[in-house]
Amino acid sequence: MKKIGSWVSILSISMVLAACGQDNANESNASTAEETQVETLDVALDTPEKVEKGEKVTFSATVTQGEEKVDDADEVMFEVWKEGSKEDSEMIEASHDGEGVYTAEKELDDAGKYFVQSHVTARDLHTMPKNEMMVGSEEEAASETDEHAHEHESDVSIHLMKPEEIKANEDVSFMAHLQKDEEALTGADVRFEISKVDEEKAEWVDAEEMKDGEYEGTTSFKEAGDYTVTIHVENDEGLHEHTEESVTITE
């Protein structure tokens, strides 16, 4: 009977130690999960709702991560285009004013509805909120309406990240950031169509989704010169969008 009691005691102690070990493991896993959880990148885009023709406009983006103001963003750009003319958009580099605030100025001489989208890349995260802005009066805008003014404005945003300098015969990675209704667009089929200016032949590069809304493809250029990179985006819901970017390859 004493032996049985001893075995029962040993078994009880083993069970208690195992339970403690499991609790510690659960606590450790929970702690690790909390440590690896990354705060989202928040961008407060500030643009006026209405301005006069020819007035210099200031665009502002305040970048935060949790309670911290982000002063080390890798890139902050403002993309500006008139309604119906997304293909003619202009990218303006922002200056850092401190306290997480990045600004840029632009003078708009044509009346009409405009879109301003901030492209912010920081701490391996990317976000691109968009605002609308009216330039001039509705009467002025109506008198300056062109044939593109009533074209559909896509709710898909595409932003291509590329190296500042690209050399021939060296591997280069292109990263396309995609958003739909200001949410990361996931599960899309993304391809880069690359062609040299004034040449019809094109190379197609499949992109892989590295994380939500970020698609990367790698290629190389055999010759220096000016190229066009067209980003094609499709999905199973019938989406088909594309946009073009110009790149220059050096020797």
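What comes next is a walk through the structure. Everything numeric in this text was worked out from a predicted model, so none of it was measured.

### Focus: the overall build of the protein
Then, number 1: The helix and strand tally for the protein stands at two helices and 21 strands.
Then, number 2: Evaluated residue by residue, the protein yields a buried proportion of 38% over its 251 residues.
Then, number 3: Contacts in the protein between residues far apart in sequence, at least 24 positions, make up 63% of those at least 6 positions apart.
Then, number 4: Surface accessibility of the protein: about 15,400 Å² in total, with carbon and sulfur atoms responsible for 45%.

### Some words on the nonpolar core
Then, number 1: Phe174, Leu178, Phe192 and Val233 are the most contacted members of the largest nonpolar core, which totals 25 residues.
Then, number 2: At the level of elements, strand 12 (156-161), strand 14 (172-180), strand 16 (189-196), strand 20 (225-234) and strand 21 (240-250) are the ones that each hand at least two residues to this core.

### A word on the pattern of salt bridges
Then, number 1: Within the structure shown, the criterion is met by 11 salt bridges.
Then, number 2: With a shortest N-O distance of 3.0 Å, Glu68 and Arg123 are connected by a salt bridge. Taken together, the positions of Glu68 in strand 4 (residues 68-69) and Arg123 in the loop between strand 9 (112-122) and strand 10 (125-127) put the pair 55 residues apart, joining distant regions of the chain.
Then, number 3: Under the relative-accessibility criterion, Glu68 is labelled partly exposed at 41%.
Then, number 4: Lys162 is the partner of Glu245 in a salt bridge, and the nearest nitrogen-oxygen pair spans 4.0 Å. Of this pair, Glu245 sits in strand 21 while Lys162 sits in the loop between strand 12 and strand 13 (166-167), placing them 83 residues apart in sequence.
Then, number 5: Owing to a relative accessible area of 24%, Glu245 belongs among the partly exposed residues under this scheme.
Then, number 6: In the salt-bridge network here, residues are joined through shared partners; they are Glu68, Asp72 and Arg123.

### Looking at the sheet that holds strand 17 (residues 202-206)
Then, number 1: Taken in spatial order, the five strands make up an open sheet running 13-21-20-16-17, and their pairing is mixed. The open sheet has two free edges, formed respectively by strand 13 and strand 17, since each of these has just one partner strand.

### Examining the pairing of strand 20
Then, number 1: Burial analysis of strand 20 places eight of its 10 residues in the buried class, the great majority of the element.
Then, number 2: In this structure, strand 20 lies alongside strand 21, joined through 10 bridges in antiparallel fashion. Looking across to strand 21, one finds that Val229 is bridged to Glu245.
Then, number 3: Counted along the chain from strand 20 to the antiparallel partner strand 21, the turn is five residues long, and its residue Gly238 has a positive phi close to 90°.

### Structural notes on the pairing of strand 12
Then, number 1: Most of strand 12 sits out of view: six of its six residues are buried.
Then, number 2: Across six bridges, strand 12 lies against strand 14 in antiparallel orientation. Following the sheet pairing, Leu160 is matched in strand 14 by Ala176.

### Details of the packing of aromatic side chains
Then, number 1: Scanning the entire structure with this criterion turns up five aromatic pairs.
Then, number 2: With a centroid separation of 6.3 Å and 85° between ring planes, the pair formed by Phe174 and Phe221 is classed as edge-to-face. You can see Phe174 sitting in strand 14 and its partner Phe221 sitting in the loop between strand 19 (214-219) and strand 20, a full 47 residues away along the chain. Across the pair, Phe221 and Phe174 agree in class, each one buried.
Then, number 3: A network of ring pairs unites the aromatic residues Phe174, Phe192, Phe221 and Tyr227 as a single cluster.

### Observations regarding the side chain of Ser118
Then, number 1: Within the secondary structure layout, Ser118 lies in strand 9.
Then, number 2: Judged by its relative accessible area of 0%, Ser118 is buried.
Then, number 3: Setting aside its immediate chain neighbours within four residues, Ser118 contacts Val43, Leu45, Ala61, Met77, Phe78, Thr127, Met128 and Pro129.

Each value, and the rule that gives it
Residues numbered from 1 in each chain as written. Predicted model: local features only at pLDDT ≥ 70, side-chain atom pairs only at ≥ 80, totals over all residues. Heavy atoms only, no water. Helix = DSSP H or I, 4+ residues; strand = E, 2+ residues; numbered from the N terminus. Buried < 20%, exposed > 50% of the residue type's maximum accessible area, 1.4 Å probe, protein only. Contact = heavy atoms within 4.5 Å. Areas by Shrake-Rupley, 256 points an atom, 1.4 Å probe, with all protein chains shown as cover. Core = buried A, V, L, I, M, F, W, Y, C linked by side-chain atoms within 4.5 Å. Salt bridge = Lys/Arg side-chain N within 4 Å of Asp/Glu carboxyl O. Pairing = 2+ DSSP bridges. Phe/Tyr/Trp six-rings, centres within 6.5 Å; stacked < 30°, edge-to-face > 60°.

From the geometry alone we can't say anything about function, so treat these as descriptive.
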